[in-house]
Amino acid sequence: MSRTAVIVVHGVGSPPRNDTARAVADLLVGSVRDAGGHAPYRQFEEHCLTIPTEPVRGTGGGAEQKMGFAIGARDRTTFVHHPPDLPPDVAFMTGQLAGYQSAHEPYDTVELVGTRSPAGEPASHVHVFEMYWADLSRLGTGFGRVFGAVFQLIQHVSHLGRKALDVAREVAASKSAEEQRAWRWYAEVHARAVRQFTIWVPVSTLLMLAFLPLFIPAAVAPGWRLTVGLLAAGLLLLVAAGMGFFELARSPRAASWFVAFMLVLVAAGIAMHRMLPGDHPLGTILLAGALAAATSGAFLSILHGYAQTRAGAFGRGVLLLLLVLDATTMSALRHMPHAIDLAERIRQFAFMGVQWGFLALMLSWMVLWLMAIASYTVWGLMVRPAARAAGGNEFSRARRAAWTASVTLTLSAFSFTFLALVSYGAIVHLAEKGRGVADIFPQVAQGAAPPRVTSFVVPDSFQCPATVPYDGGACSVHFFREMIAEGGTSGLLMILMGGALALLLVSWFVALIAVSSVRTLEPEDSVPLGNWMTSGFFWLRVSGVAFTMLSVGGLLVGAVADVMRGAGHQLGGLSGYFDVDTTKDILDRLAIVLLASATTLAAAKARLNALSSKARPAVGIVLDVDNYLRESPYAATPRARIAERYTSLLRHVAGRVEEGKPCFDRIVIVAHSQGTVITADLLRFMRVAGRDARLIDGRFSLVTMGCPLRQLYATNFPHLYGWVDASANGSAVADDDATATATLGAPAGAAPADAGDLSSPSPSPLWLGVTEWVNLFTTGDYVGRTLWRGENPRTWERQTIGAPSTGPRRRERCLGAGTHTRYWTSGDVAEELDRLIGAPLAGPPPGAGAGAGAATKAGN
């Protein structure tokens, strides 16, 4: 009795472990019927399975020395000794796997075993396995992971564009000198802008906020400062002593020493509290010292952790801290009022430190936008003409790479700026509401203004509000709001209008996704839905360009308008559009909305937990793409961990032996969404790089559903995924396909070759080592649709199982109107899967298990 293994690979959305395997078993049992109308699949039995894991193994051919990327202090993707006949995607993946240090964590999964017994045919066994990867790339729940995901979305996503240009620069190394120079300059300038955004901007922001805890001592009532200071200092010393005794003391009496130290500390604290008055300056010194030590330790600790993924962040952060401290000290010596107590002096010092930190942050943003403008200039003057002159598909790829680079950087920078300014405003608003309990704002003498380190922070025209009776803290509140508004510039309104325009351009596309996800679609909706989705992608790219131009333009015009206004120049009719007061009003209103949406910590936690579960389908695509292409941490990149688990499962399935021969006669991989990219990349890597290549023999076939290889990856990373749309190298692709057809014939059960106009010969199943590649899609799938067919009205017509579009070892079928999330319950998918399970055995593809060869040339 023959046996078939079905390996199921899920997509985005973090489904529960083992649910996808069970869904496939349910699909086969519930949807497949034989010629007599009977269900050929009997019940599936579930067995627990624990598989040992090992990293992807090489063949001893020295692939590690030939390919990879350099890990340096400048966050660049650089292929090491990259021969011209090796594809960039293989080089990139080798680099991601090169430094992996496996923990050999076993993979716990299930195996579902059932029987296929159609009328008039011999029975066979079907074993369903699941390749689960969501736990290696997921949003998760709770504060830490939610905030980590938000940080990833607004910070690290900018590196996606940097990767796109770095790979384009590497590909250009085999082209003309003009193209090489153009791409080298473009990638370099853009990478510097991204590094400025991911190093100096967050470090400056963190440093500015680090001074805020020093506002607290003056906010504590004088009679309580000694008590609070003793408690804070004692707690800090206890924590430090506990860590010291645990880390340094190896004596069995270490715990006793710690208890003795604690008792002495408590006794000393009680004695000092009884001997000194509550408003003694020692309390202020102890409280300020404890806050400064804790804040400094947290600042350095965060820098150290951040430097693990952003090399150089720690050194730059320490240097900036020393510079700001020096500047703050000099300002305090010049501008500090003398007729104030010690606590207020400390708060005034911190107030100046916040201003210097803000100034450093503004300078970081200025450098960032200058670099971004320089990268746009290099694109327009150097790269664009060179790519157009190269002809063929090069200009299209260059434009797509440039779009990815500009949009990811602009969107990340805008999101960071907007969220930071609104958060600052919310903090000020919340602190203002709590002034009746504890006033943390610096007090300003009547008739004076807060000490300003420079007019760049707040212009000379700044005036404290008139308060009756006089309220010195209100002046500081007003000052902070003015400072925050200066950070947004008077061009914030224009930027928000640009964002509104971008949303308007894609609103019908987004609405189409929402409507098609909730309503029942009819068969006649197939072609209109496909055409609308194609138009939606066009306007999505137009909106990205519009948003980039308006965001950069708004910041530049706003900054220039603010400088001119500060110098006393009148803006005439533009003053109504570029006004800092308008920016301040916008930020104030948004801050109130932010606070109103989470009035308590409990409500905030509940909302964040809800966000972590509900936002996964929406942001999961971006997060999974970013995680999948990560080059850090070098010792455990997400792709290396996923590849280890996947390859270990393939070893278990392909290597299972029964009575001295392979247990499974055929192996069918069924992948959805991001799972299709993981599968295709791994199979291609194993075949081309010679890693565990013998596993992929003639028993494998592949089914992809909602596959984003062309629609998402090749579109936005055109040089890294050039093998997906390698039609520009048509001769090499066609030669390989002709060889496959002549040697092996058409796939079993296939319609005549090119029955449905497979206009693109790439990607070739030969490059993955599979005997047949079946791609299924719905016309409203916003993640992935066609791989080989051109996008025209005929493509979006529903096809039956007997009339798909076919080519050599290819089979592509439109399932009609639908979205991205309903393949696992589709009867059409069940038909295609049953066809592969019951099809006659096919021979191996040419060169299966041979490593690099003809497939290398074709996929380059």
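Caption draft 1: The sheet that holds strand 8 (residues 700-705), seen in detail. If you trace the nine strands from one edge of the open sheet to the other, you get 2-3-4-1-7-8-9-11-10, paired in mixed fashion. For this open sheet the edge positions go to strand 2 (45-51) and strand 10 (805-807), each flanked by a neighbour on one side alone. Here the strands of the sheet are splayed against their neighbours by 20° on average, with no regard to which way each runs.

Caption draft 2: Molecular detail of the confidence of the model for the chain. Residue-level pLDDT values for the chain average 82, and 82% of them are 70 or greater. Confidence drops under pLDDT 50 across residues 59-73; counting only partners more than four residues distant or on other chains, this segment forms 42 contacts. Segment residues 139-144 is flagged for pLDDT under 50; beyond a separation of four residues in sequence, or across chains, it makes 15 contacts in the model.

Caption draft 3: Representation of helix 12 (residues 342-390) in the model. For helix 12, which comprises 49 residues, the first-to-last C-alpha distance of 70 Å matches the rise-based estimate of 72 Å (1.5 Å per residue) to within 8%. A bend of about 40° at Trp-379 is the largest found in helix 12. Backbone geometry just after helix 12 places Gly-391 at a positive phi near 70°.

Caption draft 4: Molecular detail of a nonpolar patch on the surface. On the surface, Leu-235, Val-239 and Met-243 cluster together to form a nonpolar patch covering roughly 310 Å² of accessible area. Looking at the element boundaries, Val-239 is found in helix 8 (residues 225-248).

Caption draft 5: Main features of unusual backbone geometry. One non-glycine residue, His-104, lies in positive phi territory at about 55°. For His-104, the position within the fold is in the loop between helix 3 (88-98) and strand 3 (107-116). Of note in the backbone geometry, Glu-659 takes a positive phi value of approximately 60° without being a glycine. Mapped onto the elements, Glu-659 comes out in the loop between strand 5 (657-658) and strand 6 (661-662). Owing to a relative accessible area of 76%, Glu-659 belongs among the exposed residues under this scheme.

Caption draft 6: The packing of aromatic side chains, seen in detail. Following the criterion strictly, the structure yields 20 aromatic pairs and no others. Judged by centre distance (6.0 Å) and plane angle (55°), the rings of Phe-197 and Trp-365 are tilted. Placement of Phe-197 in helix 6 (residues 177-210) and of Trp-365 in helix 12 is noted, with a sequence separation of 168 residues between them. Overall, the relative accessible area of 8% leaves Trp-365 in the buried class. What links up through ring pairs into an aromatic cluster is the set Phe-215, Phe-351, Phe-441, Phe-479 and Phe-480. For Arg-639, the ring lying beneath its charged end belongs to Tyr-628, and the centroid distance is 4.0 Å.

Rules used throughout
- Residues numbered from 1 in each chain as written.
- Predicted model: local features only at pLDDT ≥ 70, side-chain atom pairs only at ≥ 80, totals over all residues.
- Heavy atoms only, no water.
- Pairing = 2+ DSSP bridges.
- Helix = DSSP H or I, 4+ residues; strand = E, 2+ residues; numbered from the N terminus.
- Axes fitted to C-alpha atoms, helices over the stretch in contact; angles between N-to-C directions.
- pLDDT = per-residue confidence, 0-100.
- Contact = heavy atoms within 4.5 Å.
- Expected span 1.5 Å × (residues − 1).
- Bend = angle between axes of the 7 residues up to and from the residue.
- Patch = residues over 30% accessible without salt bridge, like charges linked within 9 Å, V, L, I, M, F, W, Y side chains within 5 Å.
- Areas by Shrake-Rupley, 256 points an atom, 1.4 Å probe, with all protein chains shown as cover.
- Salt bridge = Lys/Arg side-chain N within 4 Å of Asp/Glu carboxyl O.
- Buried < 20%, exposed > 50% of the residue type's maximum accessible area, 1.4 Å probe, protein only.
- Phe/Tyr/Trp six-rings, centres within 6.5 Å; stacked < 30°, edge-to-face > 60°.
- Lys NZ or Arg CZ within 6 Å of the ring centre and 35° of its normal.

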